Amino acid sequence: MNLLHANDRPGEYPQGYYAATAAQLPPAPPLRGEATADCCIIGGGFTGASAALHLAQKGVSVTLLEAQRMGFGASGRNGGQVSGGFNKGGDYLAAKLGTEPAQRLWDMSQEAVTLTRDLITKHAPDAEWTPGVFHAASTRAEAESLLREAEDLQKTFGYDQLSPVSAQDLPSVIASPAYRGGALDTGAAHIHPLRYALGLARAAQLAGARLHERSEVHALKRQGGKWLVQTGKGRVLADQVILACNGYLGGLNRHVAARVMPINNYIAATAPLGDLAQTLLPANAAVADDKFVVNYFRLSSDGRMLFGGGESYGYRFPADIAAKVRKPMTRIFPQLAEVPIDYAWGGTLAITRSRLPLIGEVAPGLLTASGYSGHGVALAGYAGRVLADAAHGDRTDMELLARLPTGPWPGGAGLRSPLLALGMGWFALRDRLGL
Ligand SMILES: Cc1cc2nc3c(=O)[nH]c(=O)nc-3n(C[C@H](O)[C@H](O)[C@H](O)COP(=O)(O)OP(=O)(O)OC[C@H]3O[C@@H](n4cnc5c(N)ncnc54)[C@H](O)[C@@H]3O)c2cc1C
C-alpha cells in the first residue's frame, strides 16, 4: 500500500476547504519519453516547488515530477501555521551542535518565516498572510513554562515577538474553557496553504522550470555518473536529484525511508460562523496547544473554524473524519457542538525521531529535505531554497542543516509504523486522561 494512492482519487486534490477555495492551475502534462535536466526534482509540495523556482531563477535546467497535482500532499492540506524555530529549543541545539550553530539555526528559522512572507507577497498574494499564532497552555504549569520560554528566547536570541497571555487576558485571544494561559507570537502567521503552493508552482513554471504532473517516479538509480529517474511513461537523466516527497516517499529511497516516517492528521472546516467566529478567536490568531496530539485551529477568511486534531499511523484515513475531529473541537469549543461541518479531510506529514528535519546529500548528487514533523509550512519552502543553493554550488546552509540529528527509527523502513503506533497510542491516551 502506498500513501500516494491510499486515500485520494488519482490526480485530484482532496475534497477540502482549501481545494474548494483555490483557483487550480491548468494540469501540467505527464512526462513522456526521454528528457534530460541539470536537476530533477521529485515531489511538488513547498520543498520541491521552492527548489524548482530558485534553481530556475539561477538559470539551471530543472524538471519537476509530481505524482498527482502540484500541492497535492501536506502542502495543500495543512493547518497553515507559519512559525519560526524548530521542534527543539535553543538549549538542545546548542548542546548537540554548539552555541554558534544554534544561533545560526535560529536565524535560519526566522529567515524561513520572512522568505515565506516574501514568496507569498510576490507569487501568491491571495494566500492571506495573517499575523499571530497563539500557543495555548492547558495547565498552569504549562503556562508558566511558556512564560520562561518567552524570556529565554528574548535573552538568548533577542526574539521579542512572543508575549505571555495570562488567564485573565485569555478572552482577548480565545473563548475556550480548555486553557489556562499561553503566549502570543506576533512574528508567526497563518495562511491559505494551497494558494501558496500553487503560487510557487506557477512562479517556478514562469521562471522556466518544466513541471510534469501525474508523473509518479517508480525508480531512481545511478547510470553513467548521472541519475536516471523513471516514471511509468518516461525517464529523466539528470546530474542531480532533489528528493522532496516527505510523507509520501514510500520506499523510493531506503536511507530516507528509515529516518522519515509518515503519519496522518485530520482537519475539519465548519460552516461559516457569522458573529460567533470573532467571539471565539477575537485576535484572529491561529492556535496550537500543548497536547501530545496537538490541537491546532484558526478562522478562515470567510469565518469558518478550521480545526485540526487527531492523528493515525496506519495507511488509511478513518471513514468519518468529521466525527473524529468533532470530538476534540467540541472539547475545546463546546459552542460548536451543533455547528455543521462542511468539509473534512486528512493529510500525511512526516516525522523524524528527533522531530528535526532530515536535510542533506544522502548519495552523490542526491539531495533531500523532509520530516519537518508538523513544522514545515515555513521550513519546507526555505529548505527548497537551501537545496537549490547547494545544487548550484553553495552548500554552506545545507551542510549546517545536515548536522541536525536524525537517526533511523527502530525497526527501519519496514517495522517503524507498528512500533510508532504503539508509542503514540500511549501518549495520546495520556492526553485524553489529562496526565
Ligand atoms: C493535516 C496537516 C496539518 C499540518 N499543519 C501544519 C501547520 O499548521 N504548520 C506547519 O508548519 N506544518 C504543518 N504541517 C506539515 C507541513 O504541511 C509539511 O511539513 C510541508 O507541507 C511539507 O512540504 P513538502 O513539500 O516537503 O511535502 P508535501 O507537500 O507532502 O509534498 C510531497 C509531494 O511529493 C509527491 N510525491 C511523493 N512521492 C512521489 C513520487 N514517487 N513521484 C512523484 N511525486 C511524488 C507527493 O504527491 C506530494 O505532492 C501539516 C501537515 C498536515 C498533513
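The structure presented is a predicted model; accordingly, all values stated were derived computationally and were not measured.

1. A look at the site of the ligand
Then, number 1: In the vicinity of the ligand, 39 residues are found, and the nearest of them are Thr47, Glu66, Ser75, Val217 and Val377.
Then, number 2: The separation between an oxygen atom of the ligand and a polar main-chain atom of Phe46 is 3.0 Å.
Then, number 3: One nitrogen or oxygen atom from the main chain of Ala67 is found 3.0 Å from a nitrogen atom belonging to the ligand.
Then, number 4: If you list the elements that add at least two residues to the shell around the ligand, you get α3 (46-57), β11 (261-270), β15 (341-351) and α11 (376-391).
Then, number 5: Residues of the shell around the ligand, tallied by class, amount to 18 nonpolar, 18 polar and three charged.
Then, number 6: Counting contributing residues, the shell around the ligand receives three or more from each of domain 1 (3-78 + 194-261 + 353-424) and domain 2 (129-188 + 262-351).

2. Notes on the packing of aromatic side chains
Here a ring pair, both rings aromatic, is described through the centre-centre distance and the interplanar angle of the planes.
Then, number 1: Taken as a whole, this structure holds 10 aromatic pairs when the rule is applied.
Then, number 2: A ring pair is formed by Phe46 and Tyr196, whose centres lie 4.7 Å apart and whose planes are at 35 degrees; its orientation type is tilted. Linking Phe46 in helix α3 with Tyr196 in helix α7 (residues 193-207), this pair joins segments that are 150 residues apart in sequence. You'll find Phe46 and Tyr196 in the same group, each marked buried.
Then, number 3: Note that Arg77 overlies the ring of Phe72, its terminal NZ or CZ placed 4.7 Å from the centroid.

3. Section: the environment of Ser138
Then, number 1: For Ser138, the position within the fold is in the loop between β4 (130-137) and α6 (140-157).
Then, number 2: Sequence separation between Ser138 and Leu281 is 143 residues, and the spatial gap between their C-alpha atoms is 16 Å.
Then, number 3: Residues within four places of Ser138 in sequence aside, it is in contact with Ala178, Tyr179, Arg180, Asp290 and Lys291.

4. Re the nonpolar core
Then, number 1: One finds Ile41, Leu55 and Leu105 to be the most contacted residues of the largest nonpolar core, which totals 72 residues.
Then, number 2: Ranked by the residues each element gives to this core, the list is headed by α11, at 11 residues.
Then, number 3: There are two domains that each give this core at least three residues, and those are domain 1 (3-78 + 194-261 + 353-424) and domain 2 (129-188 + 262-351).
Then, number 4: Listed in part, the 29 residues of the second largest apolar core include Leu170, Tyr179, Phe307 and Ile332.

5. A short note on the UniProt feature "domain: FAD dependent oxidoreductase" (unreviewed entry) in the protein
Then, number 1: Per the UniProt entry, the sites bearing "domain: FAD dependent oxidoreductase" (unreviewed entry) are residues 38-389 in this numbering.
Then, number 2: For residues 38-389, the end-to-end C-alpha separation is 13 Å, with 33% helix and 30% strand making up the annotated structure.

6. Notes on the side chain of Asn264
Then, number 1: Secondary-structure assignment places Asn264 in strand β11.
Then, number 2: Exposure remark for Asn264: the relative accessible area of 0% places this residue in the buried category.
Then, number 3: One polar contact links Asn264 to Thr348, side chain to side chain, over a distance of 2.8 Å.
Then, number 4: Once residues within four sequence positions are removed from consideration, Asn264 is found in contact with Leu3, Gly310, Glu311, Ser312, Gly314, Tyr315, Arg316, Phe317, Gly347 and Thr348.

7. Some thoughts on a negative patch on the surface
Then, number 1: On the surface, a cluster of negative charge is made up of Asp91, Glu149, Glu151 and Asp152.
Then, number 2: Sort the elements by how many residues they give to the negative patch and α6 lands first, with three residues.
Then, number 3: Tracing the chain through its elements places Glu149 in helix α6.
Then, number 4: Accessibility expressed as a relative area gives 41% for Glu149, which makes it partly exposed.

Criteria and cut-off values
Residues numbered from 1 in each chain as written. Predicted model: local features only at pLDDT ≥ 70, side-chain atom pairs only at ≥ 80, totals over all residues. Heavy atoms only, no water. Near = heavy atom within 4 Å. Polar contact = N/O pair within 3.5 Å; in protein donor to acceptor, adjacent residues only side chain to side chain. Helix = DSSP H or I, 4+ residues; strand = E, 2+ residues; numbered from the N terminus. Nonpolar A, V, L, I, M, F, W, Y, C, P; charged D, E, K, R; others polar. Domains from an automatic or database assignment. Phe/Tyr/Trp six-rings, centres within 6.5 Å; stacked < 30°, edge-to-face > 60°. Buried < 20%, exposed > 50% of the residue type's maximum accessible area, 1.4 Å probe, protein only. Lys NZ or Arg CZ within 6 Å of the ring centre and 35° of its normal. Contact = heavy atoms within 4.5 Å. Core = buried A, V, L, I, M, F, W, Y, C linked by side-chain atoms within 4.5 Å. UniProt positions renumbered as here; feature names shortened; annotations may be inferred. Patch = residues over 30% accessible without salt bridge, like charges linked within 9 Å, V, L, I, M, F, W, Y side chains within 5 Å. Areas by Shrake-Rupley, 256 points an atom, 1.4 Å probe, with all protein chains shown as cover. Salt bridge = Lys/Arg side-chain N within 4 Å of Asp/Glu carboxyl O. Lys, Arg positive; Asp, Glu negative; His and termini not counted. Charge placed at Lys NZ, Arg CZ, Asp CG, Glu CD.

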